[in-house]
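Okay, here's what each chain looks like letter by letter:
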Amino acid sequence: MNVLNEWAFVGLFAVMAPIFPALPIVIAWLFRPRKPNVLKSSTYECGVETIGDTWVQFRVQYYIYGLIFLVFDVEMVFLFPWAVAYNEMSLFGFVAGFLFIFLLTDALFYAWKKNALDWK
């Protein structure tokens with residue numbers, strides 16, 4: 001019976017976790033102002049009406065650069081504590097950190113080999 005009491009908090013968390021982000025979204029949707037008109041639905045940029053076609057397609061290359069930047073930015077977040085605790089680390093932590101660096105470097109070379117980083 002004691003084990004069930006310990007896991008009750010995990011179950012309560014699993015039930016409540018989706019409610020907390022969903023509740024403000026539902027409340028905002030219920031109490032939003034509903035007064036649509038043509039002026040509010042028109043497209044503008046920086047307060048100025050657009051001239052010409054407002055549909056612009058971006059090259060996929062921009063998204064690839066963004067994803068690669070994001071991957072290496074998150075890598076730095078994970079490697080900073082590793083670098084701070086470098087002197088107190090065991091051999092396992094040292095090898096795990098270098099394995100992490102190796103895998104991300106391998107992914108970079110793979111993207112480079114597939115010409116994902118070349119502007120065309």
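What counts, and where the lines are drawn
Residues numbered from 1 in each chain as written. Predicted model: local features only at pLDDT ≥ 70, side-chain atom pairs only at ≥ 80, totals over all residues. Heavy atoms only, no water. Helix = DSSP H or I, 4+ residues; strand = E, 2+ residues; numbered from the N terminus. Rg over C-alpha atoms; globule rule 2.2 N^0.38 Å. Buried < 20%, exposed > 50% of the residue type's maximum accessible area, 1.4 Å probe, protein only. Contact = heavy atoms within 4.5 Å. Areas by Shrake-Rupley, 256 points an atom, 1.4 Å probe, with all protein chains shown as cover. Lys, Arg positive; Asp, Glu negative; His and termini not counted. Charge placed at Lys NZ, Arg CZ, Asp CG, Glu CD. pLDDT = per-residue confidence, 0-100. Phe/Tyr/Trp six-rings, centres within 6.5 Å; stacked < 30°, edge-to-face > 60°. Patch = residues over 30% accessible without salt bridge, like charges linked within 9 Å, V, L, I, M, F, W, Y side chains within 5 Å. Salt bridge = Lys/Arg side-chain N within 4 Å of Asp/Glu carboxyl O.

**A word on the overall build of the protein chain**
What the protein chain contains, in helices and strands, is 5 helices and 2 strands. Listed N to C, the secondary structure of the protein chain is α-α-α-β-β-α-α in terms of helices and strands. Taken against the 2.2 N^0.38 rule, which gives 14 Å for 120 residues, the C-alpha radius of gyration of the protein chain at 25 Å runs more than 25% over that of a compact globule. Each of the three principal axes of the protein chain carries a C-alpha extent, and together these read 65 × 60 × 25 Å. Here the protein chain holds 120 residues, and 8% of them are scored as buried. Considering only residue pairs separated by 6 or more positions, the protein chain has 54% of its internal contacts joining residues 24 or more positions apart. With the model as given, the accessible surface of the protein chain reaches about 11200 Å², and the carbon-plus-sulfur share is 73%. Here the protein chain carries 8 positive and 9 negative side-chain charges, and the mean point of each set is 14 Å from the other.

**Concerning the confidence of the model for the protein chain**
Put simply, the protein chain has an average pLDDT of 84, and 90% of its residues get 70 or more. Here strand β1 (residues 44-45) is the element of the protein chain with the lowest mean pLDDT, 65, and helix α2 (residues 19-30) is the one with the highest, 95.

**Regarding the packing of aromatic side chains**
For any pair of aromatic rings, geometry is given as the distance between the ring centres together with the angle between the planes. Enumeration according to the criterion identifies 6 aromatic pairs in this entry. Taken together, a centroid distance of 6.1 Å and an interplanar angle of 75° make the contact between W82 and Y86 edge-to-face. Its relative accessible area of 43% is what places Y86 among the partly exposed residues. Here the aromatic rings of Y86 and F94 are separated by 5.9 Å at their centres, their planes lie at 55°, and the arrangement is tilted. When its relative accessible area of 29% is taken as the criterion, F94 is described as partly exposed.

**A word on a nonpolar patch on the surface**
Together, L12, V15, M16, I19, F20, L23, V26, I27, W29, L30 and F31 make up an exposed nonpolar region whose accessible area comes to about 1100 Å². Those elements that provide at least two residues to the nonpolar patch are α1 (2-16) and α2. Top element by residues in the nonpolar patch is α2. It accounts for 7 residues. Position of M16 relative to the elements: it lies in helix α1. We classify M16 as partly exposed; its relative accessible area is 32%.

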